[in-house]
Amino acid sequence: TDDGTFSNVFCENSEKLVNVHLFALAAKYYSLSNLGVCTPLEDVLEALRGDSQGTSGIKTDEFMNNKKSHEVQMMSELVDNLANYCGIKQVIDIGSGKGYLSSFLSMQYNLKVYGIDSSNTNTSGAHERNRKLKKHWRAYQSRGRTNLRSQRLEKANVGPVESEIKCKAINEKPLNSDSSLQIQDRVTVQDLVPPCGFTEIATSEPSKQTEVDLMARTQSDESKLSEEVLAILNVLPADAVEVFSSSQCNSGELCEEEKAQRKMASLKAKASKSSETNLYFPLTSCITAETDLSDIITDLEDCMMVGLHTCGDLAANTLRIFTGKPEIKAVCSVGCCYHLLSEQFENQEDCPEEVWGFPMCQYLKDKGWCCGRNARMSACLALERIAVGQMLPTESLFYRAVLQVIVEEIYGVTKSGRRVGKTFSKSSSFIDYVRKSLKKLELDDSKLPDSLIMDYYEKYKHRMNELEAFNMLKVVLAPCIEVLILLDRLCYLKEQDNIAWSGLVKLFDPVKSPRCCAVIALKKQSCF
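What you see is a predicted model; the values in this text were computed from it and never measured.

What counts as what
Residues numbered from 1 in each chain as written. Predicted model: local features only at pLDDT ≥ 70, side-chain atom pairs only at ≥ 80, totals over all residues. Heavy atoms only, no water. Phe/Tyr/Trp six-rings, centres within 6.5 Å; stacked < 30°, edge-to-face > 60°. Helix = DSSP H or I, 4+ residues; strand = E, 2+ residues; numbered from the N terminus. Buried < 20%, exposed > 50% of the residue type's maximum accessible area, 1.4 Å probe, protein only. Lys NZ or Arg CZ within 6 Å of the ring centre and 35° of its normal. Contact = heavy atoms within 4.5 Å. Arc of directions from axis to C-beta. Polar contact = N/O pair within 3.5 Å; in protein donor to acceptor, adjacent residues only side chain to side chain. Core = buried A, V, L, I, M, F, W, Y, C linked by side-chain atoms within 4.5 Å. Lys, Arg positive; Asp, Glu negative; His and termini not counted. Salt bridge = Lys/Arg side-chain N within 4 Å of Asp/Glu carboxyl O. Patch = residues over 30% accessible without salt bridge, like charges linked within 9 Å, V, L, I, M, F, W, Y side chains within 5 Å. Areas by Shrake-Rupley, 256 points an atom, 1.4 Å probe, with all protein chains shown as cover. Pairing = 2+ DSSP bridges. Axes fitted to C-alpha atoms, helices over the stretch in contact; angles between N-to-C directions. Parallel < 35°, antiparallel > 145°, perpendicular 65-115°, else oblique. Nonpolar A, V, L, I, M, F, W, Y, C, P; charged D, E, K, R; others polar. Expected span 1.5 Å × (residues − 1).

Chemist: What is the right way to look at the packing of aromatic side chains in this model?
Modeler: The description of two aromatic rings rests on the distance between their centres and on the angle between their planes. One pass over the structure, following the stated rule, counts 10 aromatic pairs. Ring geometry for Phe10 and Phe23: centres 6.2 Å apart, planes at 90°, overall edge-to-face. With a gap of 13 residues between them, Phe10 in the segment before helix H1 (20-29) and Phe23 in helix H1 connect regions that are remote in the sequence. Classification of Phe10 as partly exposed rests on a relative accessible area of 42%. For Phe23, a relative accessible area of 11% translates into the label buried. Taking NZ or CZ as reference, Lys523 lies 4.7 Å from the ring centre of Phe322, over its face.

Chemist: Just checking my understanding: could you explain the environment of Asp80 for this structure?
Modeler: Note that Asp80 resides in helix H4 (residues 66-86). Residue classification places Asp80 among the buried residues on the basis of a relative accessible area of 9%. For Asp80 and Gln108, which are 28 residues apart along the polypeptide, the C-alpha to C-alpha distance reads 9.6 Å. When residues no more than four places from it in sequence are discounted, the contact partners of Asp80 are Tyr109 and Leu111.

Chemist: Explain H1 to me, please; I cannot follow it from the model alone.
Modeler: The set of residues buried in H1 consists of Leu22, Phe23, Ala26 and Ala27. All buried residues of H1 lie within an arc of 140° about the axis, which places them on one face of the element. Facing away from the buried side of H1 by over 90 degrees, the exposed positions are His21 and Lys28. Check the buried side of H1 and you find it contacts helix H18 (464-494). The residue sitting at the N-terminus of H1 and contributing the capping side-chain oxygen is Asn19; that oxygen lies 3.3 Å from the backbone nitrogen of His21.

Chemist: Got a minute to help me understand the nonpolar core in this structure?
Modeler: Counting 78 residues, the largest nonpolar core has Met75, Leu78, Ile92, Met304, Met305 and Cys332 as the members making the most contacts within it. Looking at this core, the element that brings in the most residues is H18, giving 9 residues. Residues contacting Ile92, with those up to four places away along its chain left out, are Tyr114, Ile116, Leu293, Ile297, Leu300, Cys303, Met304, Met305 and Val306. In this structure, Leu403, Val405, Ile406 and Leu443 belong to the second largest nonpolar core, which totals 21 residues.

Chemist: Would you mind showing me how to read the side chain of Asp93 here?
Modeler: Summarising the element assignment, Asp93 is placed in strand E1 (residues 90-94). Within the buried set, Asp93 has no salt-bridge partner at all; the shortest N-O distance to an opposite charge, 9.0 Å, is to Lys68. Residues in contact with Asp93, not counting those within four places in the same chain, are Leu101, Ser102, Val113, Tyr114, Gly115, Ile116, Val306, Gly307 and Leu308.

Chemist: What's the story with a nonpolar patch on the surface in this structure? I'm lost.
Modeler: Taken together, the side chains of Tyr29, Tyr30 and Leu35 present a nonpolar region at the surface, about 250 Å² in accessible area. Tracing the backbone through its elements, the reader meets Tyr29 in helix H1. In this structure Tyr29 comes out as partly exposed when scored by relative accessible area, which is 36%.

Chemist: I'm lost on the sheet that holds strand E9 (residues 517-523) in this one. Help?
Modeler: Strands in a sheet are paired, the pairing made by backbone hydrogen bonds, and the direction either parallel or antiparallel. Reading across from one edge, E5-E2-E1-E6-E7-E9-E8 is the order of the 7 strands in this open sheet, with mixed pairing throughout. Strand pairing shows two members of the sheet lacking a second neighbour, strand E5 (280-284) and strand E8 (499-506), which therefore form its edges. For this sheet, the mean angle separating the axes of adjacent strands, direction not counted, is 15°. Pairing of E1 with strand E2 (residues 112-117), which is carried by 5 bridges, proceeds in the parallel orientation. The residue bridging Val91 from the neighbouring strand is Val113, located in E2.

Chemist: Looking at this structure, I do not really get the pattern of salt bridges. What am I missing?
Modeler: Two side chains that carry opposite charge are able to pair once their charged atoms sit near each other. This structure, assessed with the given rule, holds 16 salt bridges. Residue Glu466 is joined to Arg463 by a salt bridge in which the shortest nitrogen-to-oxygen separation is 2.8 Å. With a shortest N-O distance of 3.0 Å, Glu482 and Arg515 are connected by a salt bridge. Of the two residues, Glu482 sits in helix H18 while Arg515 sits in the loop between E8 and E9, which places them 33 residues apart along the sequence. Across the pair, exposure class does not vary: Glu482 and Arg515 are buried alike.

Chemist: How should I be thinking about the packing of helix H15 (residues 394-411) against H18 in this particular structure?
Modeler: Relative to each other, H15 and H18 sit at 105°, their axes nearing to 10 Å. In terms of axis orientation, H15 runs roughly perpendicular to H18. In this structure, H15 contributes Thr394, Leu397 and Phe398 to the contact, and H18 contributes Met464, Leu467, Glu468 and Asn471. Of the residues assigned to the contact of H15 with H18, the class counts are 4 nonpolar, 2 polar and 1 charged.

Chemist: Is there a simple way to explain helix H11 (residues 313-324) in this structure?
Modeler: Working note: α-helix, 3.6 residues per turn, so residues spaced by three or four point in the same direction. In this model, H11 (12 residues) spans 17 Å end to end at C-alpha, consistent with the 16 Å of a helix rising 1.5 Å per residue. Restricting attention to buried positions, one finds in H11 the residues Leu314, Ala315, Ala316, Asn317, Thr318, Leu319, Arg320, Ile321, Phe322 and Thr323.

No statement about biological role is implied by the geometric values presented.
Structure representation (structure tokens):
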């Protein structure tokens, strides 16, 4: 800090760490949560929705693991609100992988989604997974419908009192170019900090209602509820739709209004069924900063881009494509794999590319800022998981460290383009690990006897605690490095003239999903 609070963390002469406690405090001070640069997700959703409410009900944990279910559920709701706000129906999912997010956006929210992934295996798998998912989708919706209906009825019961609380839009739209979140010409720390009020809220005490007024309002709410339920359940067959009505019917008979509503539901279901197979399109293509989406998607229209854990440079390239393509009105990107980012000021002679993953913003470019691979590897660590008791894989890290010594001393190799990968989990012992790893590195293990391998293990075994302590320090530092990468991306968006609003939003529970922050931006209305 400016007052020199953390100046005694390292020795001024040797530059060695001398105060671990102060080091931890400094790391916390510069973490994303402490800097206050994130816009709360609730504020973003409130501003995007206005007076409308969310439409949840289907539980993704029936066909996804807990982590993926959490990610898809949270991100799809935000994406749907962004799409509705921008008045668009087309979504481009970059790095779509197995298609979980794409499938859910298309089926739950009726969005037309193009999922683009560089792996043909992923694309083929997404096709098959989507086919199976659609086969069981109505069953998932039918179960989810019960939850949705009970939620709506609870809201309808308290609605007459709560409905007096209105959210005022900022001018015509809560995120228009004249709002308090308007990007400034120069980026300062204040530009990165979210304002206290994302929307203006007027909370006036509701006037007392007579019993007649209350009943009339309840009937009105129930009528609106019928329309909302029909809108959500329009892919269900007619006999699966139960309609709420304020009018009373004789037992065993349907009112004319209910017959009309069920007929409308049937027509909607048929129309939806005929087109639902065309809502999700998995495509195979490698995306770079120079990619023209029009070459991949022939019917490209006004749309938004999303990316759920886009790997390495793909997250940066997603933002570059967004700013350069007028058809793309919004972006919601959650990056990962920081260790795979290309850096402009690292090993320039080996990387002739002109477009880099880091840095993106002009401020850091002018500073010639470089993180380095070790720092970027540290940014991938999960402090929140360690904080709740999930331990570091110390043994596998130790195996990897000793292997590196063997490779350097026995084979003279200090750098290799090949990767060991997840060999540890497939190995029965350290000897087995070393031999499998050497094969992956295409090194001859025949000249390396078991006894020599174990000699290396015994030589460094007493340093395992030292290795664990070192990695714990890396974990503590991880949020600081991640915030640098995220703020670089946010500053890049702030530097663009065509962006109305941009921000960082903590989208996921960091224990379930450590890479939890989304970079979100909207184009100016003049670009619509």
